[in-house]
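Overview (structure and organization)
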Amino acid sequence: MTVQQSGRRERKKAATRQKIADTALRLFLERGYDAVGIRDVAAEADVAVTTLFSHFASKEALVFEQDEDFEQRLTQAVTDRAPHEPLIPALRREILALVQHCTADSAAPIWRMIDASPALRKYDESVRLRHAEALAAAIAADPALPKTETAARTIARFVIDAYSLSREAPEPEAALDEIFPMIEAAWEAACPPRQP
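Described in the following lines is the structure provided in the data block. (Residues numbered from 1 in each chain as written. Predicted model: local features only at pLDDT ≥ 70, side-chain atom pairs only at ≥ 80, totals over all residues. Heavy atoms only, no water.)

A few points about the overall build of the protein
- Of regular secondary structure, the protein possesses ten helices and zero strands.
- Going from the N terminus to the C terminus, the protein shows its helices and strands as α-α-α-α-α-α-α-α-α-α.
- In the protein, buried positions account for 41% of the 196 residues.
- Long-range pairs, those at least 24 residues apart, make up 67% of the contacts in the protein with a sequence separation of at least 6.
- Surface exposure of the protein reaches about 11400 Å², of which carbon and sulfur atoms provide 53%.
- Taking the average place of the 25 positive charges on the side chains of the protein and the average place of its 31 negative ones, the gap between the two points comes to 7 Å. (Helix = DSSP H or I, 4+ residues; strand = E, 2+ residues; numbered from the N terminus. Buried < 20%, exposed > 50% of the residue type's maximum accessible area, 1.4 Å probe, protein only. Contact = heavy atoms within 4.5 Å. Areas by Shrake-Rupley, 256 points an atom, 1.4 Å probe, with all protein chains shown as cover. Lys, Arg positive; Asp, Glu negative; His and termini not counted. Charge placed at Lys NZ, Arg CZ, Asp CG, Glu CD.)

In structure tokens, the structure reads:
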């Protein structure tokens, strides 16, 4: 197979995935999450149910379709930061960008839908735990960061909780300003000073 054919196939898959996600979100917001079934989404998106499931593992995953991008952005805040840039400011900057995206007026109906659905709240919790584990792995894998596995996992959980708490706060940036000094203090306490 040529590179051009492979690229076209990937673009087509991405377009199908996006069409399914957009259709699902529109239906969920119009009719209510619980009133829409997988077959409804597949029919409206003009795809087979098996095609839908080849892109999304569950009905809940349709709502969190940007989940992988979110996780990638978090881990890249660790792996792609400038040489000698401290970890916590890099994470704060990315969390702020993510919170700003998720608190935009266009996102409010989606979060209301999630908050109203026990199934979506439970799925959101599992997603946050997975994000914390991915972030912890990125921190632990960075040879420039002095830490233990426990410290990496703890800081990752704090960062994910900072995202959730600030997203729900009346003033998200002010919440981050309050939370991140505590995360910085915890990180400093967990990391022994470097030997000269």
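Having seen the structure, we can now continue with the description.
Topic: the pattern of salt bridges
- Under the defined criterion, the tally for this structure stands at twelve salt bridges.
- R93 is the partner of E85 in a salt bridge, and the nearest nitrogen-oxygen pair spans 2.7 Å.
- Take E85: its relative accessible area is 17%, and that puts it in the buried class.
- Note that R157 is salt-bridged to E133, the shortest N-O span being 3.6 Å. In this pair, R157 sits in helix α9 (residues 149-168) while E133 sits in helix α8 (residues 118-141), placing the two residues 24 residues apart along the sequence.
- When its relative accessible area of 38% is taken as the criterion, R157 is described as partly exposed.
- Shared partners join several salt bridges into a network, and the residues in it are R26, E30 and E44. (Salt bridge = Lys/Arg side-chain N within 4 Å of Asp/Glu carboxyl O.)

So, the side chain of E60
- Inspection of the secondary structure assignment puts E60 in helix α4 (residues 59-63).
- Within the buried set, E60 has no salt-bridge partner at all; the shortest N-O distance to an opposite charge, 7.1 Å, is to K59.
- Excluding anything up to four places from it in sequence, E60 contacts Y33, A119, L120 and Y123.

What to know about the environment of T79
- Note on placement: T79 falls in helix α5 (residues 67-79).
- Sequence separation of T79 and T50 is 29 residues, and the distance between their C-alpha atoms is 36 Å.
- A polar contact is formed between the side chain of T79 and the side chain of D80, at a distance of 3.3 Å. (Polar contact = N/O pair within 3.5 Å; in protein donor to acceptor, adjacent residues only side chain to side chain.)

A short note on unusual backbone geometry
- Even without a glycine there, the phi angle at D46 is positive, about 60°.
- With respect to the helices, strands and loops of the structure, D46 is situated in the loop between α2 (38-45) and α3 (49-55).
- Positioned with a positive phi, H84 is a non-glycine residue whose angle comes to about 70°.
- Take H84: it is sitting in the loop between α5 and α6 (87-102).
- For H84, a relative accessible area of 83% puts it in the exposed group.

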